[in-house]
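This is what each chain is made of:
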Amino acid sequence: MTQTQPVLARLATQLRETYYGWWVVAAIFVTMTTTSGVGFYNLSVLLGAFTETRFDVAEVSGATSLYFLASGFGGMVFGRLIERFNIRYVMALSGLLGALVFLFVGAITAVWQLYLFYAVFGVLYSGCALVPGTTLVARWFARRRAVALSIASTGLSIGGIVVAPLSAWIIQTQGLATAGYWLALILFIGVVPAALLVLRPSPQSMGLRIDGDPPLADGEEEGPPDGVPYAEAVRSRFFIGVTVAYVFAMMAQVGALSHQFRLVSEREDAAMAALAVSVLAASSIVGRLIGGFALSRLPIRTFTLSFMGLQALGLAAFSQAEGPVALLGASVLFGITVGNILMLQPLLLGEAFGLRDYGRIFALSQLCGTFGVAAGPSLVGLVYDFAGGYGAAYLAIACGSLVALSIFSVAGPVRPGDR
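Every value quoted in this text rests on a predicted model; they were computed, and no experiment measured them. As a convention, each chain's residues are numbered from 1 in the sequence order in which they are written. Reporting in this predicted model follows two pLDDT cut-offs: at least 70 for local features of residues, and 80 or more for side-chain atom pairs to be given and counted; totals over whole chains, interfaces and linings ignore these cut-offs and use all residues. Remark: hydrogens and water are excluded; side-chain values derive from all non-hydrogen atoms of the structure.

### Observations regarding the overall build of the protein chain
Then comes step 1: A tally of regular secondary structure across the protein chain gives 17 helices and zero strands.
Then comes step 2: Taking the intrachain contacts of the protein chain between residues at least 6 apart in sequence as the baseline, contacts between residues at least 24 apart amount to 84%.
Then comes step 3: Accessible area of the protein chain: about 18,300 Å², with a carbon and sulfur share of 67%.
Then comes step 4: Charge assignment in this entry is limited to Lys and Arg as positive and Asp and Glu as negative, and neither His nor the chain termini are counted. By convention, the charge on Lys lies at NZ, on Arg at CZ, on Asp at CG and on Glu at CD. Looking at the protein chain, you have 23 positive and 21 negative side-chain charges, and the mean spots of the two groups are 6 Å apart. Only DSSP runs of H or I reaching four residues or more are called helices, and only runs of E reaching two or more are called strands; each is numbered from the N terminus. Two residues qualify as a contact provided that any one of their heavy atoms is within 4.5 Å of a heavy atom in the partner residue. To measure how exposed things are, a 1.4 Å probe is used in the Shrake-Rupley method; for residues, cover is taken only from the protein chains shown.

Here you go:
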């Protein structure tokens, strides 16, 4: 027996003994990396290519907003489907159809075709992105849900760092038509195999228990998923408070993200702007991972209020920042909040309302949030034009984040009986 054989044997044993939920987290990490890179972060890349070669900017300015709204409404549909059908098949089919849609990118020659593409892909994106991904993590984890979700959702940032720049390079070097085929292949490979080969709808489907708890005794049966019924949940003060707060929080966040490059370019240059974007993305990854572990020790309500306040502070810092040090410092401060704010919404709803109708509850909250996402970039642009600069524009969305904090602070406890 060679010296490496005992090591390999121990490694194989450890892998077999690893709670399968962590394999689900790894697969969701891959799917989120792919969908965010090909979808969310790639929207501006695609739109830029279309405006350079085929359309005027004014003609297609509403395409991104349509995408967000379509994905929001699609999330509602898929939130219902993943409760009725095996979630991995829903994700695999959405990924497959989304890849097929990208095959037609090169054939888009009319404005209505572009809007149709953004709408259809927006719906299909929602079937293999946040709603099913967070639902699966919530089903597999309870005590370590924050840690699991922080790891899985880090894929969102990795997609922006790796996949979106790759897409931009392919488009620049190969053209839109060829890029469509490559993006279809990337989306297919990043979603379909992970969904079919790794993902499973719940621990119970594999004879396991949530968090890897010991199996039930002989004859003992586990009850149905706990939680509040959908109709009751969406009428509750807490759901309304979280949802409305996130309209303002995401309006501020996405508005700031969409204009960061231009703000830094105006105050320094394009090279510094590219560095600031990278620093913000890296900070969001580090912040999210730290936040996931911190949430196992801190009250989630206090944590959320703190990060909404920190987001407002980061945006205010951007409004006044001059010079490389200040701009990079503002990027770090705001970046730390980006990943955590996004991660906290599904965690809050999962802790408050349980697993029973989680998919539909989160999908409705996210749908409402898309109105803020769609409005954010336009709001920053309007204030910029009116006030003549980004100082007032970023102060305006900093106030939006404070509005989110104020609304969430009166939403009540996460669970009845909490203080």
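Picking up after the structure, the text goes on.
### Side note on the pattern of salt bridges
Then comes step 1: Salt bridges, as used here, are contacts in which a Lys or Arg side-chain nitrogen is within 4 Å of a carboxyl oxygen on Asp or Glu. In the structure shown here, the tally under the stated rule is six salt bridges.
Then comes step 2: Measuring nitrogen to oxygen at the nearest pair gives 3.2 Å for the salt bridge that ties R360 to E83. Of the two residues, R360 sits in helix α16 (residues 358-387) while E83 sits in helix α5 (residues 63-84), which places them 277 residues apart along the sequence.
Then comes step 3: Think of it in three bands: residues with accessible area under 20% of the maximum for their type are buried, residues over 50% are exposed, and the middle band is partly exposed, with areas taken using a 1.4 Å probe on protein chains only. A relative accessible area of 17% places R360 in the buried class.
Then comes step 4: Residue E83 is classed as partly exposed on the basis of its relative accessible area, which comes to 28%.
Then comes step 5: In this structure, E266 engages R262 in a salt bridge whose closest nitrogen and oxygen atoms are separated by 3.7 Å. With a gap of four residues between them, E266 and R262 both fall in helix α12 (residues 237-267), about one helical turn apart.
Then comes step 6: On the basis of relative accessible area, R262 is assigned to the partly exposed category, the value being 44%.

### Points about the confidence of the model for the protein chain
Then comes step 1: Each residue carries a pLDDT value, the predictor's own confidence for that position, ranging from 0 to 100. Averaged over all residues, the pLDDT of the protein chain is 87; the fraction at 70 or higher stands at 92%.
Then comes step 2: Model confidence for the protein chain, summarised as mean pLDDT per element, is weakest for helix α1 (residues 4-17) at 57 and strongest for helix α6 (residues 87-102) at 95.

### Notes on unusual backbone geometry
Excluding glycine, residues mostly carry a negative phi; peptide bonds, for their part, are mostly trans.
Then comes step 1: Unusually for a residue other than glycine, D211 sits at a positive phi of about 70 degrees.
Then comes step 2: With respect to the helices and strands, D211 occurs in the loop between α10 (176-197) and α11 (230-233).
Then comes step 3: For D211, a relative accessible area of 15% corresponds to the buried category.

### With respect to a nonpolar patch on the surface
Then comes step 1: For patch detection, residues must exceed 30% relative accessible area and be free of salt bridges, and they are connected within 9 Å for like charges or within 5 Å for nonpolar side chains (Val, Leu, Ile, Met, Phe, Trp, Tyr). A cluster of nonpolar side chains, namely L93, L96, L97, L100, L103, F104, Y181, W182, L185, F188 and I189, defines an oily patch on the protein surface of about 1,000 Å² accessible area.
Then comes step 2: Those elements that place two or more of their residues in the nonpolar patch are α6 and α10.
Then comes step 3: The leading source of residues in the nonpolar patch is α10, at five residues.
Then comes step 4: Note that F188 resides in helix α10.

### Points about α12
Then comes step 1: Here the expected length of a helix is defined as 1.5 Å per residue gap, with one fewer gap than residues. Its 31 residues give α12 an end-to-end C-alpha distance of 43 Å, which sits within 8% of 45 Å, the value for a rise of 1.5 Å per residue.
Then comes step 2: The angle separating two fitted axes, one through the seven residues that finish at a residue and one through the seven that start at it, defines the bend at that residue. The largest bend along α12 reaches roughly 50 degrees and is located at H259.

### Points about the nonpolar core
Nonpolar side chains in soluble globular proteins tend to end up buried together.
Then comes step 1: Within the largest apolar cluster, 100 residues are counted, with the highest numbers of intra-cluster contacts made by F102, Y118 and F238.
Then comes step 2: If one sorts the elements of this core by residue count, α10 sits on top with nine residues.
Then comes step 3: With residues near it in sequence (within four places) discarded, F238 still touches L348, A352, F353, F408, A411, G412, P413 and V414.
Then comes step 4: Put simply, a nonpolar core is a bunch of buried Ala, Val, Leu, Ile, Met, Phe, Trp, Tyr and Cys residues held in one set by side-chain atoms that sit within 4.5 Å of each other. With 23 residues, the next largest nonpolar core counts F318, L327, F334 and I397 among its residues.

### Concerning the packing of helix α2 (residues 20-38) against α10
Then comes step 1: The N-to-C vectors of α2 and α10 enclose an angle of 165 degrees; their axes lie 9 Å apart at closest approach. As summarised for this structure, α2 and α10 are arranged roughly antiparallel, according to the angle between their axes. For α2 against α10, the interelement crossing comes out left-handed. Of the residues in α10, those in contact with Y20, A27, V30, T31, T34, T35 and V38 of α2 are L183, I186, L187, G190, V191, A194 and L197. Only C-alpha atoms enter the line fits that serve as axes; for helices the fit covers just the stretch in contact. Angles between N-to-C directions range over 0 to 180 degrees. In this scheme, roughly parallel covers angles under 35 degrees and roughly antiparallel covers those over 145, while 65 to 115 is roughly perpendicular and the rest are oblique. The crossing is said to be left-handed when, going from far helix to near helix, the turn is anticlockwise and less than a right angle, and right-handed when the turn is clockwise.

### Digging into the packing of α5 against α16
For any two helices packed against each other, the geometry is given by the interaxial angle and the distance between the axes.
Then comes step 1: Packing of α5 against α16 brings their axes to within 8 Å, and their N-to-C directions diverge by 175 degrees. Relative to α16, α5 is oriented roughly antiparallel. Here S65, F68, L69, G72, F73, G75, M76, G79, R80, I82 and E83 of α5 lie close against α16, whose contacting residues are Y358, G359, R360, A363, L364, L367, T370, F371, V373 and A374.

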